[in-house]
Amino acid sequence: MLGRGCDQQLGGPTVRVRRTRRAAVLGASLMCASVLTACAPASGANTVNLYSAPEENLQQNVDRCNAQAGGQYQIVYHKLPRDADGQREQMVRRLAAGDTGMDILYLDVTWTGEFAEANWIREWTGENKAEAERGTLQGPLETATWQGKLYAAPKNTNVQLLWYRKDLVPEPPKTWAEMISTAQRLKQEGKPHWISFTGAQYEGLYVHFNTLVQSAGGQLISDDGKRAVVDASAVRALQALRDLGTAGVTSASMNNAKEDDARQEFETGQSAFELNWPFVYPSMQEKKPDLARNVGWARLPGLLPGVPSKSTIGGANYAISSYSTKPDLAFDAAKCLRSPENQKFSAIKDGVPPTIESVYSDPEVAAEYPMRDTILEALKDPGVRSVTPAAQNVSTVLSNMLSPIAEIDPQTTADRMRTEVQNALDSKGVMP
C-alpha cells in the first residue's frame, strides 16, 4: 500500500548526505521487494518484542533505549515485510489468534481504526498519553486517534511535495489547473513538459484523490468513519484527475506508475513537474546532479485559487498489543523509541520525517532537510485519510474506481463511489 507511509529520505540542493547513506536509504525504501524475517518472539521477564517495518538504522535506536533502560526492559526488534500489505497481514493473523509474543506494533497511519475497533491495541491514557501528545504535530496525532481516544504514538510522518524544473518554470504553479496549462504550454514550445504522476491502481492514487478532495474543503467519509459522504468536492476532485488524464501532458506509462516509477521518469529529464514524496531528491543528487541543481520544491498545487492544498500525510505509529503480558514495559519502551532524540536520529539516518515539531529546528536536522520549512508548513495543514476500521476496504474500492483517470466521468463516478464506499464501510463485497 505504497503512499501510506513512504518513509523516504529527504534531500535538497544543499543537503549534506553521504553517498553510502543515500544508497542505504533508497535500498531500504518500501518500494523494494518484500522481505520477511521469520523469527519467534523472544521471551524473558523484561523482554519487549517490537514488530516493525525494516529501517536501516532502527536497531541503533533500540540499542540506545535498552542502554538507557538500565535493565528495566530489553527491546528485541523483529522485522516485518517491507510492503505494507505484508506487514498488516502478518500482524492481523497473529493478533486474531491472541498472540502474546507481540508487544510494540508498528502501524501504518491508516490502520488505527481497524486495530482499535478489533480490540487488538491498547488505549494510551494518563501520563503515557500526555507524553505521546507533547509537542507532536496535530496531523499525525489524528492518524493515531479513534473515536476520540489515542491508540498509538506517532513515530514518523511524511507529505508529498511538488517538484518542478526551475529552469523551465521560475515559480511553481499554485493550482492544479495552472500546473496542467503550464505543462501544455511547455509542450507547445517543444520543451520537457510531462507531469510525473503515480496513476497506477493502488493506494498512491487514492492518496492523490484524498489530497484533492480535502484541498477543496470536502471529505469522503463522515467523521465517525461509518458513512460515505463523497460530496461536491469529490466531484471537483474527480474532474481534476480526469483533466490531467486527458491533457496530453503525462507519459504513456502514467497509468502503471507508482512512486519509484515516477521518480525514474522525472530523472529522464522529460518532465517539468513531479508529485511525489521527498525521497526523490537524494536520488536526483546521486544519479542526476545536473538535473537536481535545477529542481525546486513547493507545496502541492491546490484545487481552488487562493486556497492552499492539503497534502495527505503518510507515516507510522507505535501501538501496544492488547495481548502483551508486559504492557507497562511496552509503553515505556515505545515512548523511548519515538523520543525527540530518536526521531532526530531516524530523520537524519533513515530519512523518516519527525512527528515532534521541535525536532525540525535542530541544527543537524536543518542541515539535512533544506525543504524542512515546506514540509512543516504542509504538515501543519495536512490532509488525513479517514480513520475507519474499513480502511483496507475503502482503499481497494477507491483505487479500483479511480483508474484509469482519463476514463473518469466525474458525477457518475462520484454517485457510484458513494454506494461502493458505503458497501466497503459495511464490509460488503470487498475482500481486504
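Everything quoted here is computed from the prediction, not taken from an experiment. (Residues numbered from 1 in each chain as written. Predicted model: local features only at pLDDT ≥ 70, side-chain atom pairs only at ≥ 80, totals over all residues. Heavy atoms only, no water.)

## Description of the packing of helix α10 (residues 259–267) against helix α11 (residues 280–287)
Here α10 crosses α11 at 40°, and the two axes come no closer than 10 Å. Classified by the interaxial angle, the pair formed by α10 and α11 is oblique. In this structure, the crossing between α10 and α11 has a hand that is right-handed. Where α10 abuts α11, its residues Arg263, Phe266 and Glu267 lie against Val280, Ser283, Met284 and Lys287. Broken down by class, the residue content of the contact of α10 with α11 amounts to three nonpolar, one polar and three charged. (Axes fitted to C-alpha atoms, helices over the stretch in contact; angles between N-to-C directions. Helix = DSSP H or I, 4+ residues; strand = E, 2+ residues; numbered from the N terminus. Parallel < 35°, antiparallel > 145°, perpendicular 65-115°, else oblique. Left-handed = near helix turned anticlockwise from the far one by under 90°. Contact = heavy atoms within 4.5 Å. Nonpolar A, V, L, I, M, F, W, Y, C, P; charged D, E, K, R; others polar.)

## Considerations on the packing of aromatic side chains
For the structure shown, the criterion picks out seven aromatic pairs. Note on Tyr281 and Trp297: the rings are 5.9 Å apart at their centroids and 85° apart in plane angle, and the pair reads as edge-to-face. Separated by 16 residues along the polypeptide, Tyr281 in helix α11 and Trp297 in strand β10 (residues 295–298) bring together distant segments of the chain. The exposure classification of Tyr281 matches that of Trp297, with both residues buried. Put simply, the rings of Trp111, Phe115 and Trp120 pair up and form one aromatic cluster. Above the plane of the ring of Phe345 lies Arg64, whose end atom (NZ or CZ) is 4.7 Å from the centre. (Phe/Tyr/Trp six-rings, centres within 6.5 Å; stacked < 30°, edge-to-face > 60°. Buried < 20%, exposed > 50% of the residue type's maximum accessible area, 1.4 Å probe, protein only. Lys NZ or Arg CZ within 6 Å of the ring centre and 35° of its normal.)

## A word on the sheet that holds strand β11 (residues 314–320)
One open sheet accounts for five strands, arranged β2-β1-β3-β11-β6; its pairing is mixed. The open sheet has two free edges, formed respectively by β2 (74–79) and β6 (153–158), since each of these has just one partner strand. With direction set aside, neighbouring strand axes in the sheet form an average angle of 20°. Here strand β3 (residues 104–108) pairs with β11 via five bridges, running antiparallel. Residue pairing for β11: Leu107 is matched across the bridge by Asn317. Sheet contacts for helix α3 (residues 84–96): β1 (47–52) and β3; angle to β3, the most-contacted strand, approximately 135°. (Pairing = 2+ DSSP bridges.)

## Considerations on the side chain of Ser222
Relative to the assigned elements, Ser222 resides in the loop between α8 (203–215) and α9 (232–246). Of note is the side chain of Ser222, whose polar atom sits 2.6 Å from the side chain of Asp224. (Polar contact = N/O pair within 3.5 Å; in protein donor to acceptor, adjacent residues only side chain to side chain.)

## What to know about the pairing of β1
Among the six residues that make up β1, six are buried, leaving the element largely enclosed by the rest of the structure. Pairing geometry for β1 and β2, over six bridges, is parallel. Along β2, the bridge assignment pairs Asn49 with Val76. The pairing of β1 with β3 spans two bridges and is parallel. Paired with Leu50 across the two strands is Ile104, which belongs to β3.

## Details of the sheet that holds strand β7 (residues 161–165)
Judged by pairing direction, the sheet is mixed, and its four strands sit side by side in the order β8-β9-β7-β10 without closing on themselves. Because the sheet does not close on itself, it has two edges, and the strands there are β8 (194–196) and β10. Between one strand axis and the next, the sheet turns through 20° on average, direction left out of account. Examined bridge by bridge, β8 and strand β9 (residues 271–276) share three bridges and lie parallel to one another. What sits directly across from Ile195, in β9, is Phe273. Contacts from α10 reach β7, β8, β9 and β10, with the element oriented near 160° to β9.

## What to know about the state of the cysteines
Every disulfide links exactly two cysteines, by a covalent bond between their sulfur atoms. Applying the stated criterion across every chain, the model contains one disulfide. A disulfide bridge connects Cys65 with Cys336, and the sulfur atoms are separated by 2.1 Å. Every disulfide takes its handedness from the sign of the S-S torsion; for Cys65 and Cys336 that torsion is -100°, giving left-handed. In this pair, Cys65 is assigned in helix α2 (residues 58–69) and Cys336 in helix α13 (residues 327–337), connecting sequence segments 271 residues apart. When its relative accessible area of 0% is taken as the criterion, Cys65 is described as buried. The class for Cys336 is buried, based on a relative accessible area of 11%. (Disulfide = S-S within 2.5 Å.)

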